[in-house]
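A look at the structure
Listed below, chain by chain, are the residues.
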Amino acid sequence: MAKNSIIVIDYGSGNLRSAAKAFEKVVSDEGLDINIAISGDPKDIKSASRIVLPGQGAFADCMSGLKAIPGMVDALEDAVVRKGRPFLGICVGMQLMATRGLEHGVHAGLDWIPGEVVPLQPDDKNLKIPHMGWNEIMPTQAHNDNAHPLLRSIDSSTHYYFVHSFMFQCQNKHHILGQADYGGLFPAIVGRDNMAGVQFHPEKSQEAGLKLIKNFLQWKP
């Protein structure tokens, strides 16, 4: 891998090309010397300077997909937890950072951010599940005065595109960086140290999503 390389992890979850294309556009627009690659090779994960984990579908299926690649979870642990490489989880990729997921049984996650993935249950029963559409992100109160680098220069009225039926219920509120409202607040951005996750799809969120990707590329945790 190149010195400045971003790996979009291929583990059978789909939606990889769309995510990679969004990163490629930002790199091109900003004139950055960064190589974007899609890979399911643990060796590439270990040598990457930044790591992106997309995800769509069920929590258990995505976690099984990671585990099915020999050495993949160990490579992630080494690069992200031990070496502190910047990490971005997208949608189910963000949910896999939890301790466990409760979709179709109880399934262990990566346990990087304490919490569990539970069904989204809007107070308004007329709201449909899955939650599908555009919502604004509200930085959490604890981060209003010192916004997380992912939210730098992003207006609170900016909208992002969501498609999900479950949400990340963090054990510690300070790990919630931003929330969205769909018949009640739910975590839209979570993070700790060099790790961050977004429940929405930046690659489908037009200019707002590209701005967040740019912030991720500039983030130096």
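Structure: above.
Here's what I pulled together on the structure shown here. (Residues numbered from 1 in each chain as written. Predicted model: local features only at pLDDT ≥ 70, side-chain atom pairs only at ≥ 80, totals over all residues. Heavy atoms only, no water.)

Overview of the overall build of the protein chain
Under the convention used in this document: Here a strand is any run of E in DSSP of at least two residues, a helix any run of H or I of at least four, and the numbering for each starts at the N terminus. We take the radius of gyration over the C-alpha atoms and set the globule estimate at 2.2 Å times the residue count to the 0.38 power. For the exposure calls, accessible area comes from a 1.4 Å probe over protein chains only, and a residue counts as buried if that area is under 20% of its type's maximum, exposed if over 50%, partly exposed in between. We get accessible surface area from the Shrake-Rupley algorithm with a probe of 1.4 Å; when it comes to residues, only the shown protein chains can shield them. In this tally, Lys and Arg are treated as positive and Asp and Glu as negative; His is ignored, and so are the chain termini. Charge placement uses NZ in Lys and CZ in Arg. For Asp and Glu, CG and CD serve respectively.
Counting its regular elements, the protein chain contains six helices and 14 strands. What you see for the protein chain is a C-alpha radius of gyration of 16 Å, in line with the 17 Å of a compact globule of 221 residues. Considering only C-alpha atoms, the protein chain reaches an extent of 50 × 40 × 30 Å along its principal axes. Evaluated residue by residue, the protein chain yields a buried proportion of 53% over its 221 residues. Summed over its atoms, the accessible surface of the protein chain is roughly 9900 Å², and 47% of this surface lies on carbon and sulfur atoms. Where the 21 positive side-chain charges of the protein chain centre and where its 23 negative ones centre are 5 Å apart.

Observations concerning a negative patch on the surface
Inclusion rule: A patch is a set of surface residues, each over 30% in relative accessible area and not in a salt bridge, joined within 9 Å for like charges and within 5 Å for the nonpolar side chains Val, Leu, Ile, Met, Phe, Trp and Tyr. We count a salt bridge whenever a side-chain nitrogen from Lys or Arg sits within 4 Å of a carboxyl oxygen from Asp or Glu.
A contiguous patch of negative charge on the surface is contributed by Asp123, Asp124, Glu136, Asp155 and Asp181. Tracing the backbone shows aspartate 155 in the loop between strand 9 (138–139) and strand 10 (159–164).

Some words on the environment of isoleucine 45
To be explicit about the condition: We call two residues in contact when some of their heavy atoms are within 4.5 Å.
By the element assignment, isoleucine 45 lies in helix 2 (residues 42–47). Along the primary structure isoleucine 45 and phenylalanine 216 are separated by 171 residues, whereas in three dimensions their C-alpha atoms are 17 Å apart. Residues within four places of isoleucine 45 in sequence aside, it is in contact with Ile7, Ile9, Ser39, Ile51, Met72, Ala75, Leu76 and Ala79.

Considering the environment of aspartate 111
In this structure, aspartate 111 sits in the loop between strand 6 (107–108) and strand 7 (115–119). Sequence-wise, aspartate 111 and alanine 98 are 13 residues apart; in three dimensions their C-alpha atoms are separated by 4.9 Å. Discounting residues that sit within four places of it in the chain, aspartate 111 has contacts with Leu96, Met97, Ala98 and Thr99.

Thoughts on the sheet that holds strand 11 (residues 166–170)
In plain terms, the rule: Two strands pair if DSSP finds at least two bridges between them.
Taken together, the four strands give an open sheet; going across it, the order is 6-5-7-11, and neighbouring strands pair in mixed fashion. For this open sheet the edge positions go to strand 6 and strand 11, each flanked by a neighbour on one side alone. Of the strand pairs in this sheet, strand 5 (residues 100–101) and strand 6 are connected by two bridges, and their pairing is antiparallel. Bridging across to strand 6, arginine 100 finds its partner in alanine 108.

Quick notes on the side chain of histidine 164
The criterion, for reference: The term polar contact refers here to a pair of N or O atoms within 3.5 Å; inside protein, the definition further demands a hydrogen-donor-capable atom paired with an acceptor-capable atom, and it admits residues adjacent in sequence only when both atoms are side-chain atoms.
Assignment of secondary structure puts histidine 164 in strand 10. One polar contact links the side chain of histidine 164 to the main-chain carbonyl oxygen of phenylalanine 166, over a distance of 2.8 Å. Apart from the residues within four sequence positions on either side, histidine 164 is in contact with Leu120, Pro130, His131, Phe186 and Gln199.

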